[in-house]
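Residue-level structure breakdown
Okay, here's what each chain looks like letter by letter:
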Amino acid sequence: MTLPDQSALSRRDYIRALVAVGGASALSACLDAVGSDDGPDVPSGTDNPASLPDRQHAWNDALARDDDGNVQLPDHHVLVALSLETEVDDEARETTEQALRTLERAYEWGHEGLVFTIGYTPAYFDRFEASPAEVDLPEPEPLADDETPEYDEFDALLHLASDHPSVVLEAEAGLFGERDRVNGLEVETDLTGVFDRLDDRRRTGFIGEGLPAEHTDVSGVPDAVPEDAPFFMGFRAGFTDSQATEDRVTIEDGPFAGGTTQHISSMAINLTQWFDQENHYQRVSKLFSPEHADEELTGSVGEALGASSGLTTDRIEATEVDAREGGVVGHAQKAARAREDGQPLLLRRDFNTVDGDQPGLHFLALQRGIDHFVRVREAMNGDDLDVATANNGILHYLFVDRRGNYLIPPRPLRALPSADPTS
Amino acid sequence: MQETNAINRRTFVSYTAATAGVLALAGCADTDGTDTDDTDTDDTAEDDLETMPEFLEVEDPPDAVYVPTHREAMRMLEPVEAGDMMVAPMLSYPHPFWIVAGTGADSLERTDPEDDRGVHMMFTVWDRETGVVLPVDDGAQIQVERDGESVGSPVSPWTMISQEMGFHFGDNVSLPEDGTYTVEVTLPPLSTRTTGDLEGRLEESATATFEFTYDDEFRHEVVGGVEYFDEDIWGERGALEPMDHGEHGHGDDGHDHGDHDDHGDHEEGHNHDHEDHDDHADHDGHDDEHDHDDGHDHGDHDEHDHHAVPYSALPEIDAYPGTILVDPEEGDVPDVTEDLPESGDARFLATVLESDHRLAEAEAYLLVSPRTPYNRVPLADMSMTATVERDGEVLEESALEQTIDGTYDLHYGASVPELEAGDTVTIETETPPQVARHQGYETAFLEMPLLELQVPEQ
């Protein structure tokens, strides 16, 4: 891959573009750009990887929180698509496990180091002629009338996340034989020979206050993206009270107890309409609820909401009436109708992207079973609501082009699990 | 002289009076409220002509359909097939329009083009079998491409109404440079309730692709083709006639725009000299394509290749069966849409179909068809509730469901008990039409008070 032209981009965009390109030369260019041959000072990981939580998705305790107590995801993300190159056997499992442990030894589990998961698709489990035992993991399918997505039909996916762009690049390079050392630690085992990377399925992104506004030189990202917005759509997300807990999304029974399922939908977002054509009142109505807009509950980027999305039972239950009598419903209020006993079903770890040089979102959600995701998406579709599509939350602005379902096994089973590891 | 030059550059029809006839106004009920204040015409940067003409505004327009400042020029492309539907693309220059989201004071937003290089991209969609224009927002999408590469993000175009184009999908689309662009249109399955010849149809997603070239010739045609009207009539109540009168009717004669000549005869106490509007002799021939002869010699349109594009006009009153509900004060069914009962300047055709009609089930069927007053453009994505009363007692309160019928096109319907003469039906508009508007429609159909109708004496 060719490296981006440094002279044509802002520093942040250049680094973002390097993460998007990936590989050893992008890594060294990234280290140059951050101004140090050795890169940033990154804390090392643990000598005893077995001491890490059994749940691969147990990130929250290791992540920072904002002043309101909302969990903050790392700034930089890479999704590495993997195709299995070998038979699944003990040797391949051992290689995989040792390669992943190398990352855990090299990097502290957290923002300054690295957090990651590896997940497996239904296509991976096809070789066992069985679905993973006691896990709801169907093949991906379209979840709305107006979409014709492609599907993640490769075998596995690594999700790498860090506040340091050079760390996600280096970790990936180390796993695929492009780097002898990761954070100073020698790479003895990598994934070469077990997995091939699918470069054209590699996805990248970012999250965090101000990052979206750094990308206004990308076509389709208007100057109107607020300076302090953490997401492209201009508002905070991931409010504590609208996120499922890690417990809530963890598989409780069967051989994969301690694991979770992951759905990733990748989509383009039309920000031109969102920012240049609509007003703040309309954006708040469509993203949260008309009452959020009427009562000015959000502040300019959602900061006034604190740790709560402000979705009271009343506001959730008002969805149908808001549609019929107000002509608009909010995305958040509508999706919250899928809550179970008042509890959200999804733990969102989504992030924005400019992959393909246009603004988008990789919507990564964890849930106990994919059926929970489908339930939320159906609530979001709002086919039952008497409202114009353009005013039906944010559907008008989103264009899903890819979906994938994954099992994130518990850490002890993360290396090439069979469909029923207990048998 | 500066001003005169500016006018000529923009093919002002004329800056003197007595040329109103060229407008071919479709109805013109009122001359009050015309604002002739100081809208400057001479502060235009000359280079605007290249890509985007000046957008002149009417100061303080009425809360009603009004005559805009200009007639937009556009290029019509050859209609393309999309499954069982046809898509007719139309391209104009980028210009402001108004989007509607909700009911409150902040629910209307004027949106200006982000970029003067580009087009206002529009398309009308209709069912090939019935010719019915599909006037609802079920989530159409477009992606503009050039040399196989996406240009900008995908877009869900807005549903819009315009006096010239009627109901259409559209948005301003920025184009980075001159060249040939490909547009892919995706139409999702129709999720709106359908009846009659449309029932059970259009349930598949469909796509269509068209191409266009953005270049000097295009700009010459559409930017140079803008027709500014005499300031005296800006903001008058009335509307431009549809730019294209498709022969593609709904099986009724509702497309006979000669009807509009009659507006002067519908006395509403306005002292308006309608003769002006019939007088085309003053038309100074800037552009014969715009010679909207009130007699509507459709032969004219054969010169263009787009005579088969239907305009989204709903049928005229006499095309509807059943008992047409009337204004209790008037008592009679009018002849033309303009004289129907109104709310928010929308006209309401409401009829009760007896239980033997195909649209009725066990009970009678209340069909409510709100439309623009002059061009009968359907008003989509409203929500309304009808309350039926007899002798002061409520018989039924029904939410009306948006429906597209193979004969009557867009309407809102509900089952109601069999009604008797003297029963009243009150229409409460909870949500006004959630469709974007071109100039001349943005102040109408927003505040829509209760409308009381009555079953007339037979």
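Everything here concerns the structure above.
Residues numbered from 1 in each chain as written. Chains lettered and ligands numbered in written order. Predicted model: local features only at pLDDT ≥ 70, side-chain atom pairs only at ≥ 80, totals over all residues. Heavy atoms only, no water.

Description of the overall build of chain B
For chain B, the helix and strand inventory stands at four helices and 26 strands. Excluding contacts between residues fewer than 6 apart, the proportion of contacts in chain B whose partners are at least 24 apart in sequence is 75%. As displayed, chain B has an accessible area near 17,100 Å², and 39% of this comes from carbon and sulfur atoms. (Helix = DSSP H or I, 4+ residues; strand = E, 2+ residues; numbered from the N terminus. Contact = heavy atoms within 4.5 Å. Areas by Shrake-Rupley, 256 points an atom, 1.4 Å probe, with all protein chains shown as cover.)

Some remarks on the sheet that holds strand β20 (residues 383–390) of chain B
Spatial ordering of the open sheet is given by β21-β20-β24-β26 (chain B), a layout of four strands whose pairing is antiparallel. One side of each edge strand has no neighbouring strand; the edge strands of this open sheet are β21 (393–399) and β26 (451–454) of chain B. Sheet twist, expressed as the average angle between the axes of neighbouring strands with direction ignored, equals 20°. Pairing between β20 of chain B and β21 of chain B: six bridges, direction antiparallel. Counted as the bridge partner of E389 of chain B is V394 of chain B from β21 of chain B. Contacts between helix α11 (residues 319–326) of chain A and the sheet are confined to β20, β21 and β24 (424–431) of chain B, with β24 of chain B contributing the most and set at about 110° to the helix. (Pairing = 2+ DSSP bridges. Axes fitted to C-alpha atoms, helices over the stretch in contact; angles between N-to-C directions.)

Brief notes about the nonpolar core
Ranked by internal contacts, the top residues of the largest apolar core, which has 122 residues, are Y107, L114, L158, L160 and F195 of chain A. In contact with F195 of chain A, not counting residues within four places along its chain, are L82, S83, L84, E85, T96, I118, Y120, A156, F176 and L416 of chain A. Grouped together as the second largest cluster of nonpolar side chains are 86 residues, F212, Y228, A364 and Y374 of chain B included. (Core = buried A, V, L, I, M, F, W, Y, C linked by side-chain atoms within 4.5 Å. Buried < 20%, exposed > 50% of the residue type's maximum accessible area, 1.4 Å probe, protein only.)

Some remarks on the side chain of R402 of chain A
All names here are of chain A. Along the chain, the position of R402 falls in strand β13 (residues 398–408). R402 gets classed as buried once you look at its relative accessible area, which sits at 8%. Here Y151 takes part through its backbone oxygen, which lies 3.0 Å from a polar atom of the side chain of R402. Among the polar contacts listed, one links the side chain of R402 to the side chain of D152, at a separation of 2.7 Å. If we ignore the near neighbours within four places in the chain, the residues touching R402 are P149, E150, Y151, D152, F154, R201, R203, I264, S265 and S266. (Polar contact = N/O pair within 3.5 Å; in protein donor to acceptor, adjacent residues only side chain to side chain.)

What to know about the pairing of strand β4 (residues 85–92) of chain B
Where a strand is regular, its side chains alternate between the two sheet faces. Residue and element names in this part refer to chain B. Among the eight residues in β4, eight count as buried, and that is most of the element. A two-sided burial pattern is seen for β4, the buried positions comprising M85, V87, P89 and L91 on one face and M86, A88, M90 and S92 on the other. One ladder, built from two bridges, connects strand β2 (residues 75–76) with β4; its direction is antiparallel. Its bridge partner lying in β4, M76 is registered against M90. Pairing analysis gives three bridges linking strand β3 (residues 80–82) to β4, with the strands arranged antiparallel. Across the sheet, residue A82 finds its bridge partner in β4, namely M85.

A word on the pattern of salt bridges
Residues and elements named next belong to chain A. Per the stated rule, a full pass over the model turns up 48 salt bridges over all chains. Between E340 and R248 there is a salt bridge, with the nearest N and O atoms lying 2.9 Å from each other. Note that E340 is positioned in the loop between α12 (331–335) and β10 (347–348) and R248 in helix α6 (residues 246–249), a separation of 92 residues in sequence. E340 gets classed as partly exposed once you look at its relative accessible area, which sits at 29%. (Salt bridge = Lys/Arg side-chain N within 4 Å of Asp/Glu carboxyl O.)

Re empty space enclosed by the protein
According to the stated counting rule, one finds eight cavities of 30 Å³ or more in the structure shown. Lining the largest cavity are 38 residues, and of these H331, A332, A335, R348 and F363 of chain A lie nearest its centre. Contributing elements (two or more residues each) for the lining of the largest cavity: β9 (260–269), α12, β12 (360–367), α13 (370–381) and β13 of chain A. If you tally residues by element for the lining of the largest cavity, the top one is α13 of chain A, at four residues. Class assignment of the residues belonging to the lining of the largest cavity gives a composition of 25 nonpolar, seven polar and six charged. Considered as a void within the structure, the second largest cavity measures approximately 120 Å³ in volume. Around the second largest cavity, the lining comprises 13 residues; the ones closest to its centre are M85, F169, L187, P188 and L190 of chain B. A breakdown of the residues in the lining of the second largest cavity according to their chemical character gives eleven nonpolar, one polar and one charged. (1 Å grid on protein atoms, 1.4 Å probe; cavity = no way out; pocket = protein on both sides within 12 Å on 5 of 7 lines; lining within 4 Å. Points joined across faces, edges and corners; volume = space filled by probe spheres on them. Nonpolar A, V, L, I, M, F, W, Y, C, P; charged D, E, K, R; others polar.)

Side note on the environment of Q141 of chain B
With respect to the element layout, Q141 of chain B can be found in strand β8 (residues 141–146). Each C-alpha atom, one on Q141 of chain B and one on W158 of chain B, is 9.6 Å from the other, the two residues being 17 residues apart in sequence. A distance of 3.4 Å separates a polar side-chain atom of Q141 of chain B from the backbone oxygen of D146 of chain A.

Here's the deal with the interface of chain B and chain A
Tallying the contact residues gives 36 residues for chain B and 32 residues for chain A. Between chain B and chain A, the buried area comes to about 2,700 Å², and carbon and sulfur atoms account for 47% of it. Where chain B touches chain A, the interface holds one salt bridge. Taken together, chain B and chain A are joined by 19 residue pairs in polar contact (both at pLDDT 80 or more). Contributing elements (two or more residues each) for the side of chain B that touches chain A: β5 (97–100), β6 (108–111), β9 (149–155), β20 and β24 of chain B. Considering each element in turn, the side of chain B that touches chain A owes the most residues, five residues, to β9 of chain B. (Buried area = accessible area lost by both parts, 1.4 Å probe.)

Topic: helix α5 (residues 165–175) of chain A
With eleven of eleven residues buried, α5 of chain A lies mostly within the body of the structure. In the stretch just after α5 of chain A, G177 of chain A is the one whose phi turns positive, near 75°.

Quick word on the packing of helix α2 (residues 24–34) of chain A against α5 of chain A
Residue and element names in this part refer to chain A. Contact geometry of α2 with α5 gives a least axis separation of 9 Å together with a crossing angle of 155°. Judged by the inter-axis angle, α2 sits roughly antiparallel to α5. Two packed elements cross with a definite hand, and for α2 against α5 that hand is left-handed. Residue-level contacts link A26, L27, C30 and L31 of α2 to P165, S166, L169, E170 and A173 of α5. (Parallel < 35°, antiparallel > 145°, perpendicular 65-115°, else oblique. Left-handed = near helix turned anticlockwise from the far one by under 90°.)

Some details on the layout of surface pockets
Size it by volume and the second largest pocket reaches roughly 850 Å³. Contributing to the lining of the second largest pocket are 43 residues, with D383, L385 and V387 of chain A together with D138 and S191 of chain B lying nearest its centre. Of all the elements in the fold, those that place two or more residues in the lining of the second largest pocket are α11 and α13 of chain A together with β22 (401–405) of chain B. Per element, the largest residue contribution to the lining of the second largest pocket is five residues, and it comes from α11 of chain A. Classifying every residue of the lining of the second largest pocket gives 14 nonpolar, 15 polar and 14 charged. Residue contributions to the lining of the second largest pocket reach at least three from each of two domains, namely domain 1 (2–228) and domain 2 (317–454) of chain B. (Domains from an automatic or database assignment.)

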